[in-house]
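Report on the structure
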Amino acid sequence: MRSQRNSGLAGRLTLLVVTCLCAFHTTTAIDIPLEVLGHVNIEQLPTITDQAPSSLIAFPFDESFPMTCEAKGNPEPKFQWEKNGEDFDPYLDPRLMKEENSGTFVIPNNGNLTEYQGTYRCYASNKLGTAISKEIEFIVPNVPKFPKEKLDPVEVEEGQPFILKCDPPTGIPPLQIYWMTINLQHIEQDERVSTGLNGDLYFSHAVEKDSRRDYCCFAAFHRIRTIVQKTAMSVNVKTTNAILERKPSLLTPPGGSSEKQLVKGEDLELECIPEGIPTPQVEWIKIGDQLPVKAKLENHRKLLIVPRAQQEDSGKYMCRARNPLGEVVHYFTVTVEGPPEWESEPQSQLSMIGSHVHIKCSARGVPEPTITWRVNGQLLQDSPAANRKILGDAVFLQNAKASDSAVYQCEASNRHGTLLSNANIMIMNLQPMILTNNGEDYSAVEGKGVMMHCKVFSSPPSAITWSRDDSSESVAGPRFTFHDNGSLEIHSAEKGDVGQYTCLAKNTEGSSAIDAVLYIKDPTRIVVAPKDLQILKGSAAQLSCLAEYDESFSNDFELLWEKDNTQIVLNYTENPRYIMEDGYLNISDVSHGDQGVYSCVAKTPLDRDTASAFLMVLDVPVAPENLVLSEHKSKSVKLEWIPGDDHNSSPTEFIIEFEENKWEPGNWKELLRVPGNHNSAILRLHGHVEYRFRVYAISAIGAGLPSEPTERYKTPPSAPDKNPENIKIEGHLPHEMSINWEPLLPIEHNGPGLEYKVSYRRQDGQEEWTEHTVKRHSFVVRNTPTFVPYEVKIQARNNQGWGPEPRIVSGYSGEDFPSAAPDDVAVEVMNSSAVRVTWTRVHKDKLHGHLGGYRINWWRLRSLVDSKKSHGDKHSLAFPGDRTHGTVPGLTPFSEYSLIVMTFNGRGNGPGSHPVNFKTPEGVPEKNPVLRVTDVKRNSVSLAWAPPLEPNGILTGYVLEYQLINDTEEVGPLQAVNISNPDTTKWILHELEPLSKYKLYLRSCTAVGCGPVVSEESTTALETSLASVHGGISTQGWFIGLMSAIALLTLIVLIACFVNRNKGGKYSVKEKEDLHPDVESQGINDDTFCEYSDNDEKPLKGSQRSLSREIKAADSGDSLVDYGDEDVQFNEDGSFIGEYGSRKEKRASAEVKASTQTPA
């Protein structure tokens, strides 16, 4: 976005006055600008622009050696050379290569260079004066060589010190000394043997192994790429039987003190090499001060080095060598001197005629430098002038004239070097020349500064004033600064600063002026800055940035992004993950390398604004490293690790895993978790296992990768640490007790030969423990009394010994079927479909096991509508726990039922109680199975229906209702017809509207009420009857089929009833079987138990009459054998949630199963 602001000229400012003097007199050399030379021809003194280094070495591998000397001036300078203080003309030597209009000549490397060796100086002159170069030394190095000599063997007694001299030849530094054998193997150096600064090899005391014949000193001159070798030396150490210890002395330096001088910037090197037995130790001290921080000790503390020594490193140093017999010291007086350094270097000056000129030159150094003045290359005293004097460190020119223009040289020198400076002194008058272009446009940002230039060349210096908008008054004020070079600086620019400005330059020779226009722009600023982000690795990041800027920069505005102060260059080929669009920087698939500080840079040609945000990349921790095992013990070990990079999400915990190579090789399992601020743990281990361990970290981001595993760690065998757990004592048969337990894991064996000792005894007696040792994880105790409490314990053992003392658990031996049935069974009718059954508990001695609960079996004997018995399906309901009542729901109203109650345990059901018969009261009928329209006329509809299959009482009639519905949302009033004859199954509705649609409803009724409705729809005819129009409904195929199906179904039901009635002769036998059941055929599944509550068991109003007089005797003709156990589910409050149905298939299955059981 851009801010819309007026960029035109604003109101005028009050004009103030300021004056500045401007001239070029502070530069080291007067450079007449080309703009000036284009208007007027001004002569210039010569100035050296380039020259060869002070030391030019003729390395043999270089092709040529340029002796450089370049200068400028007006007129063009001419060049002359001196060699060793005498004139030298390179043009007289045809072997030298020269360049036109240059003082440079080149010495080729094609012959004897020694004749060119010497000190050179270049002179550049024109009619105004002469400039000179520094002295240039041309050095032609000799090839260093060791002299050919025959060296006598060095004979030394064992224990005595000796020195092998190197005496390297001189050459171009630096020099490096190596002591090696003929085979180029380095001589081993230590506290006893070392090389000195002079190249000699020092032995503190000789030992027998020092005897050898090939000690060679090699001198390496790296700058000339040369290594030379000294003749091999031989050493013969004479052994002795007694080597006496002696106190230290110094092999070098000699005496008790010495002086050391060096030039500032060089390395200070102090050396003390002692001898003695035992080998002395060396220490260094600076007297009255600490050793410099940058000081370092080398060559086994025998060499003290202070790199790049400065004046403050001067002072007194001491080395001390000591062994148990004594010590020796040496003092060094160190003086750090320095070559000349400028304190005030002479400056070139442009001065007006008649002025006083002051040329200052001073330098410092150790020792104090000597100052030598020259003018145009000649000593000042050799070129006297009446208006020139030397006062102290300066040269004064009084009432200078144009003829005093010259090049003055100041040379500062001591024994460490020379400094030379040329100062061009120009004496002339020149009217102002403004070198800045006229009509320049300047733009400034509101609130920022701006500099408007007015570069003037003149002599004498000009007075410069700045005015505004054609005013003669000059601007001034606290926001305006006038610089010596003529520029006007405006601080904190305002909109009112817009306008035209004029720069006027005046001196005694004339004046000159230029104009400039200033525009003020709106500042660039970021209005929506990017915000810090935390991004998961692999996800996408978006940074937003929005800026305002002056509308005039619409084509020049840039919005850039930087990462860690480096601009992001969008390259969609090499890095397509970075996309910048509409002020957004989108980074896809963020990686760790994307983390950093991202800066949005809003940039115009005048200003810029920056806003930054930190992008933090989150990831799971890096795998730990450097796993180390320590504190090894038989059953524990300490594991330590170094956490990996947490990727900006500190670990919350470390998980230690193990793997063993015997039972489950390659399968890593968790062993221990430790907090995220820990990096070690004590690991508790099992015996006889070869472990490996690894660690990984978990943070809020997730789990990191595991570390590399440790090496194998094997624990020795040991006795078991634990005994089996989850011991279960069960009795599946009456005279057995089965003991099962969870075996130890293979890794828990702690060694070979694992087995278990099973101990048991009766709980209520004083019996001794019976013990058995087994390898499996189960044991059966036989011939136990039925359902007797036992104590059991199991202990693990291997070849190393027994496990800990086991804990004792209790249980019972096998259960038997209950031997008694509940007594005092009574039934209380609650409503037409539910009864409450009560009984008395079976004594615990008759249970022969854990009480599972009570079970009620019931079946329907007949419907009270007729007197015929209809042996119904058996239903069963279990009530877990110790209780004396239960509710039986889902009964058919107006029926006679029979039920028995039995108890059950883990073995199965006990015997059933004596059957109790009861009757349910009337209820409402079931829904009529059929309602059909049999005939339709203009004003009537004929209906036919079938009575309900279960009337649930004595039918008293029907309620027939109907209402007009048609096809509208409104319906007609509901009209009812009460049919009091229960035998009626047809009815005709009269006085109906013709050609109208009716909804018909039918319900069957008893004395209790009417049952659910069955409905049908029909439309009356227009004129004739439906039968006459369509041939009568009785001729329709669907109606004929329906009636045939009803007739066939009725016939099947009658046949079934007849067959069932003829089977009544078996009832007495089956009844006896139910009253005295076979205990081996009464198994039960514990999963069929249902909890039951007697909440809300109150009978319906009017149904609490006693049924005792209606209960039949136990000799009912219905057999109990057809009513085996059955699974029925109830809610906790006793409400029925199951279905009732035939279970004859299950009964048959139970009978087959019972026949295969084996008696206990």
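Within any chain, residue numbers begin from 1 and follow the written order of that chain's sequence. In view of the model being predicted, local features appear only for residues whose pLDDT reaches at least 70, and side-chain atom pairs are presented and counted only at 80 or more, with totals across whole chains, interfaces and linings using the full set of residues. To get the side-chain values, take all heavy atoms of the structure and skip hydrogens and water.

**A word on the nonpolar core**
Within soluble globular proteins, side chains that are nonpolar tend to cluster in buried spots. Nonpolar cores were defined as sets of buried Ala, Val, Leu, Ile, Met, Phe, Trp, Tyr and Cys residues, with membership established by side-chain atoms within 4.5 Å. Residue burial is assigned from relative accessible area. The probe radius is 1.4 Å, only protein chains are included, and a residue is buried under 20% of its type maximum, exposed over 50%, and partly exposed in between. Counting residues in each nonpolar core, the largest one holds 33 residues, and the members touching the most others are M67, W81, F105, I107, Y120 and F138. Helix and strand labels come from DSSP, where a helix needs a run of H or I of at least four residues and a strand needs a run of E of at least two; each type is numbered from the N terminus. Only β2 (44–51), β4 (64–67), β5 (69–74), β9 (105–108), β10 (118–126), β12 (136–139) and β39 (430–434) provide two or more residues apiece to this core. Broken down by element, this core gets its largest block of residues, 3 residues, from β10. Contacts are assigned to residue pairs with any non-hydrogen atoms lying within 4.5 Å of each other. In this structure M67 touches A52, L56, W81, G103, T104, F105, I107, Y120, I136 and F138, once residues within four positions along its chain are discounted.

**So, unusual backbone geometry**
Of the consecutive residues N74 and P75, the connecting peptide bond is found in the cis state with omega at 5°. Topologically, P75 is positioned in the loop between β5 and β6 (78–83). Following T252, the chain continues into P253 via a peptide bond in cis, with omega recorded as 0°. With respect to the secondary-structure elements, P253 resides in the loop between β21 (246–252) and β22 (257–263). Although it is not a glycine, D167 adopts a positive phi angle of roughly 45°. Examined against the element boundaries, D167 turns out to sit in the loop between β14 (162–164) and β15 (175–180). Look at D167 and you get exposed, because its relative accessible area is 52%. Positioned with a positive phi, F787 is a non-glycine residue whose angle comes to about 50°. Within the secondary structure layout, F787 lies in the loop between β69 (778–782) and β70 (789–798).

**Here we look at the sheet that holds strand β78 (residues 895–905)**
Here we have 4 strands laid out as an open sheet, ordered β76-β75-β78-β79, and antiparallel in their pairing. Unpaired on one side and paired on the other, β76 (874–880) and β79 (916–919) mark the two borders of the sheet. Sheet twist, expressed as the average angle between the axes of neighbouring strands with direction ignored, equals 25°. Relative to β79, β78 is paired through 4 bridges, and the arrangement is antiparallel. Paired with E896 across the strands is K919, a residue of β79. Two strands are said to pair when DSSP picks up at least two bridges between them. Orientation is described by lines fitted to C-alpha atoms, with helices fitted over the stretch in contact, and by angles between N-to-C directions that extend from 0 to 180 degrees.

**Looking at the environment of A400**
Position of A400 relative to the elements: it lies in the loop between β36 (394–397) and β37 (406–414). On the basis of relative accessible area, A400 is assigned to the buried category, the value being 0%. A sequence separation of 13 residues divides A400 from N387, and the C-alpha atoms of the two residues are 7.6 Å apart. Not counting the four nearest positions on each side in its chain, A400 is found in contact with I353, G354, S355, V357, N387 and I427.

**Things to note about the pairing of β6**
Direction of pairing for β6 relative to β10: antiparallel, over a ladder of 6 bridges. In the sheet register, E82 faces β10, and the bridge partner there is R121. One ladder, built from 3 bridges, connects β6 with strand β7 (residues 86–88); its direction is antiparallel. Along β7, the bridge assignment pairs K83 with E86. Following β6, the chain reverses through 2 residues before pairing antiparallel with β7; N84 in that reversal takes a positive phi of roughly 55°.

**Some remarks on the environment of F879**
Looking at where F879 falls in the secondary structure, it is placed in strand β76. Looking at F879, the relative accessible area reads 0%, which means it is buried. For the pair formed by F879 and T903, sequence separation is 24 residues and the distance between their alpha carbons is 9.3 Å.

**Section: the confidence of the model for the chain**
Confidence per residue, as judged by the predictor, is encoded in pLDDT with a range of 0 to 100. Counting all residues, the mean pLDDT for the chain is 85, and 85% of those residues have values of 70 or more. Low pLDDT, under 50, characterises residues 1–28; the predicted model gives this stretch 97 contacts beyond four residues in sequence or across chains. Low pLDDT (under 50) marks residues 1063–1160, which in the prediction has 191 contacts with non-local residues, meaning those over four places away or in another chain.

**A word on the packing of aromatic side chains**
Centre distance within 6.5 Å is the pairing criterion for rings of Phe, Tyr and Trp, where only the six-membered ring of Trp is used; planes under 30 degrees apart are then read as stacked, over 60 as edge-to-face, and the remainder as tilted. Tallied over the full model, the rule gives 22 aromatic pairs. Between F105 and Y120 the ring centres are 6.2 Å apart and the planes differ by 55°, which places this aromatic pair in the tilted class. Of this pair, F105 sits in strand β9 while Y120 is found in strand β10, placing the two residues 15 residues apart along the sequence. Taking the centre distance of 6.3 Å and the plane angle of 35° together, the rings of Y760 and F779 count as tilted. Taken together, the residues Y760 in strand β67 (residues 755–762) and F779 in strand β69 connect sequence positions 19 residues apart.

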